[in-house]
Structures are given as C-alpha cells and as structure tokens.
Amino acid sequence: MLIKDVLTNVPIGTAVEVAGWVRTVRNHKGKNPLSFITVNDGSCFSTLQVVATPTLPNYETEVVHLTTGCSIIVKGKLVESPGAGQPVEVQADEVHVVGWCDPENYPIQPKRHSFEFLRTQAHLRPRTNTFGAIARVRSTMSLAIHEFFQSRGFIYLHTPIITTSDCEGAGQMFRVTTLEPGQEDFEKDFFGCKTNLTVSGQLEAEAYACALGRVYTFGPTFRAENSNTPRHLAEFWMVEPEMAFCDLTDDADLAEEFLKYIFQTILERCREDMEFFNKWIDENVIERLENVVQSEFVRMSYTDAMEILKKANRDWQFPPEWGKDIQTEHERFLTEETFNKPVIITDYPASIKPFYMRVNDDGKTVAAMDVLVPKIGEIIGGSQREERLDVLISRMESLGMNPDDYWWYLDLRRYGTVPHAGFGLGFERTILFATGMSNIRDVIPFPRTPRWAEF
RNA sequence: UCCCCGGUAGCUCAAUUGGUAGAGCGGGCGGCUGUUAACCGCUAGGUUGUAGGUUCGAGUCCUACCCGGGGAGCCA
C-alpha cells in the first residue's frame, strides 16, 4: 500500500501495510517506552508516522535500534494521531526490518545537506525531501508534455541518437566510433562514416512533420561544449515539436500554450512538492508560475528589443547593437526588470542564426523566436523553417555548407514542400524554472558535465 | 575556456597580527510518560584538498596542480 493512498484514501481504523525507508526515529525509554518512526516510500512528499511499543516481539532487539535509512515493512492500524504534527498515524502490529543502515557510515543524515555534497551522493540523494520532490515533479511534467501534444493531434516521434547530420549552430558534438585511438579512416569505422551523438532531432522531425503534419520528440540530447555553468549539461532532455502548414506566429502560440499547460499541471498535481519548494527553495516560485499561467507573454521583435536596451540608462558590459547577440545581461533586463514575465523575441538578424531558419521579406532577418524567462534565460528556441528550395540552397552555400550533404533534407523542399515551424524546449531548464532550484545538475538524476560522469 | 571566491571532524561551519585546531548536528552510552530535524548529560572522532617553498614555528604567507561554487562565453 502506498503512503500516498494511506494518507488520503484510507478510512481510520483500516489495517494497512506500508514499505519504505526510515527518515527519523525518536525513542522514549522511560516507564512507558515507545518509539516514533517516520517512514517515506517516495509515493508522496509526506512521511507516515509509525508508533511502536514494547508489545512488539522485536521491540528491544530491533525496533529501538532503527536509524535513518533502514528499510522496513510495517503492518498495523491507521488511527487518528493525538500528536500535533500529523492527522493520522499507524499503530504498529508488526515492524519487519528489511535492510539495516549503518548510521556511522550512511551519508544522508536527518539534517540539511549542501547540494554540492549531495551531488557526490547522487545514488542516495533521492531519499531526501528535495530530490524526492524534484523526481516527482519531473515525472509529472513529462506526462504533461505527452498529454499536451497528444491531445492536439501530435505524433510522438523517436529520432536517432546516433547521427551523421550536423544541425548547424547547435554546438560541439560527441564522436561515436569503434576505431582505435589515432585511426582516422572513417570508411573503416562501424558506420563507414563519421558519426556523432545527436545535438537535435529537428532535421529528422521535419521529415516526419512533412508527412504526418504534427510531430514531437522528447528524448536525450548531447553537447560536447566545455560549458561550466549552472544552466548547462553535456546530456540533457529536449522536447521538439514540429508542425507543417504553420508559421512563426502559430509556433509562438504553441510555445506559450505549452508552457502554461505544463506549469498549470504541476501546480495542480504536485501541490505538496511545490509548497515545499516555495517554503525552502524559492519563496516566490508558486506565485511566479501562477503569473506565467495567467498572463500573456510579451512578444516583440529583436529590433524592438534592441531599441529598448539601447534606451535603457545603464552601463552594459556588452552594449546592445543591431546584429549582435542578445547577451545574458540583456535577457535579464528584459525578463526581470522591464516585464517580469516570459518574453518571446522574434525575427533575429539572419547573420546570427542557423541556415534552416526562414528568411523574412526584408532579407536581413529570419523567422526565429526565443522564449526567455526570468532567472533562467532562454528555455525555448525555435523558428519557421526555410521551405523554399532555392533560398535554402543559396543560404547554405553562403555559409560554406555543401548542399549535397543535406540531400534528404533538401528533398523535403523538392517534393511537396510546405511552410512549417517548430521549437526546442530545454527540459531541465524548464524544471529549474518550475521548482526554483538554481543548479541544473540538481534537476536531472545523474548529471553529466565536463569532468563528471560518475554513477 | 576566461574572471572571482572557496576546500578544516561523517555533515554544516569557526579558528585574532603566523604561536596548543573548536562548535553545532550526526554516531556511541546513559536519562526522559506521545514525540515532531524531540530534549538533558557523558563520550569518541582531525596527516586542515595534493605537492613543494618561506619561517624558530604555517589551517593562516608564496608557487604549482586537483576539486567545488558564482559570474562570463557557447547554447536548450
């Protein structure tokens, strides 16, 4: 029986059986000895208080020696709790110790640990309040993502992890090879050519969108960038919808609806976990999410955003200038100081965006859009794709790319081409925003970053 | 990769101008008539990240390296 159900669905007086890990133990040894054991099984944030007395045959031999981390199975009766901290508790008829936990060596103590320390104990940190809550929120968000797309007629697509295509501009790649170190003859390699871990499923998703209409991917992505920040991982999860017969405005509409849906979902379904984050991690996180769900996102062109930045009376480390990238300090100014909500920036200069984005009529900008949120910065990057064969080829050539390498991608424009658009959402960055956590290494179970692939 | 800050007990941290390394929590033992990260008493626990150097003397100063955090770049 899950503790989640015991605490919400089971009437007082019911015989229950729960299995979980001991969080804390309080023993009283006076004239009226008894023990309070709080147990968590991960099914919900709350613990269940178990009351054990010396009438248990193993009370002296086992129960009083329980410590944090022990695994137990408890049979007993659910009763109203006379104590103040919890409405109900279990009066134990049986406490079976499944696994002992040496308290001298067990790293997880019933106290506050630093996240830095817990990262070195990534196999045990899910037993803490914070990491249990993150795991449940992450799972609920994953389901919400599928619900959102499936209910709108999107087909869930699995794009390859090993690829030969280079989604230009998406960063450094991890080589996949069976060659011995030093060998450079790719014809002798496993695939007979140079292969990498994917940096994006977009190009393949476009192929399926140009057949099935609406598709989305949700899977791992790999970047070999030497990025050492609280917002970057070498292995992270990305959601990439792609829609045929769709322009940039439709794309931005989808992104806005999508974010609102997943935040709304965790506010509704992860109330207890969210209240924990709000109390201990970020005292404004619930209010911020509610604002996002209720408010309209700001939408403005890159050109207009540059005007706002230029008019701002402040010393920029990177002075804003048309044609240059929007820097982190600019993003924060827009999302945190100017609007204090998500901002969608559209129509970036072609010179700073990749080849596949559709060239606008002005010839200088492309139909790109980034969704920026307070604190985290960019969580979505997307665009309308260039569907005109001649424009796409000349764009590739001017960037020094060989169109022959992208023959199948160009076929999509040769045979029944169609306006289409899509975006990529960084899943972990979205969890950061949703939980108020500040380091991306704490919202994925086993993070991979430069010089760190333990566990 | 660059800039800044840090590394002391199992964990979280303290240690004056360079002068005998401490506390809280956790652990062990004892006490406590229902507790809430319980409380009270006693107790064990350290090659101060690594390797050099300066000094009568280094946790403290210098050099190099390793690891971590924050910021930047790259991006999601």
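Residues numbered from 1 in each chain as written. Chains lettered and ligands numbered in written order. Predicted model: local features only at pLDDT ≥ 70, side-chain atom pairs only at ≥ 80, totals over all residues. Heavy atoms only, no water.

J.: Hey, could you run me through the protein's contact with RNA strand B in this one?
T.: Near RNA strand B you find 54 residues, and of these Glu89, Arg119, Thr229, Gln327 and Arg429 are the closest. Expressed as a percentage, the sugar and phosphate content of the atoms of RNA strand B within 4 Å of the protein is 48%. Between RNA strand B and Asn32 there is a distance of 3.2 Å, counted from a base oxygen to a side-chain nitrogen or oxygen. Here a base oxygen of RNA strand B and a side-chain polar atom of Gln49 are 2.6 Å apart. Residue composition of the surface near RNA strand B, by class: 14 nonpolar, 23 polar and 17 charged. (Near = heavy atom within 4 Å. Polar contact = N/O pair within 3.5 Å; in protein donor to acceptor, adjacent residues only side chain to side chain. Nonpolar A, V, L, I, M, F, W, Y, C, P; charged D, E, K, R; others polar.)

J.: What am I meant to see in the sheet that holds strand S3 (residues 48-52) here?
T.: Strand pairs in the sheet, formed through backbone hydrogen bonds, run parallel or antiparallel to each other. The strand order around the closed barrel built from 5 strands is S1-S2-S3-S5-S4, with neighbouring strands paired in mixed fashion. Adjacent strand axes in the sheet meet at a mean angle of 50°, parallel and antiparallel pairs treated alike. As defined by bridge partners, strand S1 (residues 15-28) adjoins strand S2 (residues 34-40) across 7 bridges and the pair is classed as antiparallel. When the bridges of S2 are listed, Val25 appears paired with Ile37. (Pairing = 2+ DSSP bridges. Helix = DSSP H or I, 4+ residues; strand = E, 2+ residues; numbered from the N terminus. Axes fitted to C-alpha atoms, helices over the stretch in contact; angles between N-to-C directions.)

J.: I would appreciate a short explanation of the domain arrangement of chain A in the present structure.
T.: Often, the extent of an interface is quoted as the loss of accessible area upon association of its parts. Each assigned domain of chain A is listed with its residue range as follows: domain 1 (3-99) and domain 2 (125-442). A separation of 46 Å is found between the C-alpha centroids of domain 1 and domain 2. Opposite the 8 residues of domain 1 that make contact, domain 2 presents 8 residues. At the boundary of domain 1 with domain 2, total buried surface from both sides reaches about 680 Å², with 43% on carbon and sulfur atoms. Considering only the side of domain 1, the residues that lose the most area to domain 2 are Trp21, Arg23 and Phe45, jointly responsible for 73% of the buried surface there. Our count for the domain 1 to domain 2 interface comes out at 0 salt bridges. The tally of links between domain 1 and domain 2 comes to 4 residue pairs in polar contact (both at pLDDT 80 or more). Looking at side-chain class alone, the side of domain 1 that touches domain 2 contains 3 nonpolar, 4 polar and 1 charged residues. (Domains from an automatic or database assignment. Contact = heavy atoms within 4.5 Å. Buried area = accessible area lost by both parts, 1.4 Å probe. Salt bridge = Lys/Arg side-chain N within 4 Å of Asp/Glu carboxyl O.)

J.: Is there a simple way to think about the pattern of salt bridges in this case?
T.: Opposite charge on two side chains lets them pair, provided their charged atoms get close. Counted according to the given criterion, the structure contains 23 salt bridges. Notably, a salt bridge pairs Glu257 with Arg152, separated by 2.8 Å at the nearest N-O pair. One end of the pair, Glu257, is in helix H5 (residues 248-269); the other, Arg152, is in the loop between helix H3 (129-150) and strand S6 (155-156), with 105 residues separating them in the sequence. One salt bridge in this structure joins Glu256 and Lys260, with 2.9 Å as the shortest N-O distance.

J.: How should I be thinking about the pairing of strand S5 (residues 88-99) in this particular structure?
T.: Residues in a regular strand project their side chains so that they alternate between the two faces of the sheet. Of the pairings in the sheet, the one linking S3 to S5 comprises 2 bridges and is parallel in character. Bridging from a neighbouring strand, Val51 pairs with Gln91 of S5. With 10 bridges connecting them, strand S4 (residues 71-80) and S5 associate as antiparallel partners. Within the sheet, the bridge partner assigned to Glu80 lies in S5 and is Val88.

J.: Even after reading the chapter, I still don't get the layout of surface pockets, so can you show me in this structure?
T.: Computed from the structure, the second largest pocket encloses a volume of approximately 1,100 Å³. Contributing to the lining of the second largest pocket are 41 residues, with Arg23, Phe45, Arg127, Thr128 and Asn129 lying nearest its centre. At the level of secondary structure, the elements contributing two or more residues to the lining of the second largest pocket comprise S1, S2, S3, helix H2 (115-119), H3 and helix H6 (271-281). Per-element accounting of the lining of the second largest pocket gives the leading share, 5 residues, to H3. Residue composition of the lining of the second largest pocket, by class: 17 nonpolar, 18 polar and 6 charged. Residues lining the lining of the second largest pocket come from more than one domain, with at least three contributed by each of domain 1 (3-99) and domain 2 (125-442). (1 Å grid on protein atoms, 1.4 Å probe; cavity = no way out; pocket = protein on both sides within 12 Å on 5 of 7 lines; lining within 4 Å. Points joined across faces, edges and corners; volume = space filled by probe spheres on them.)

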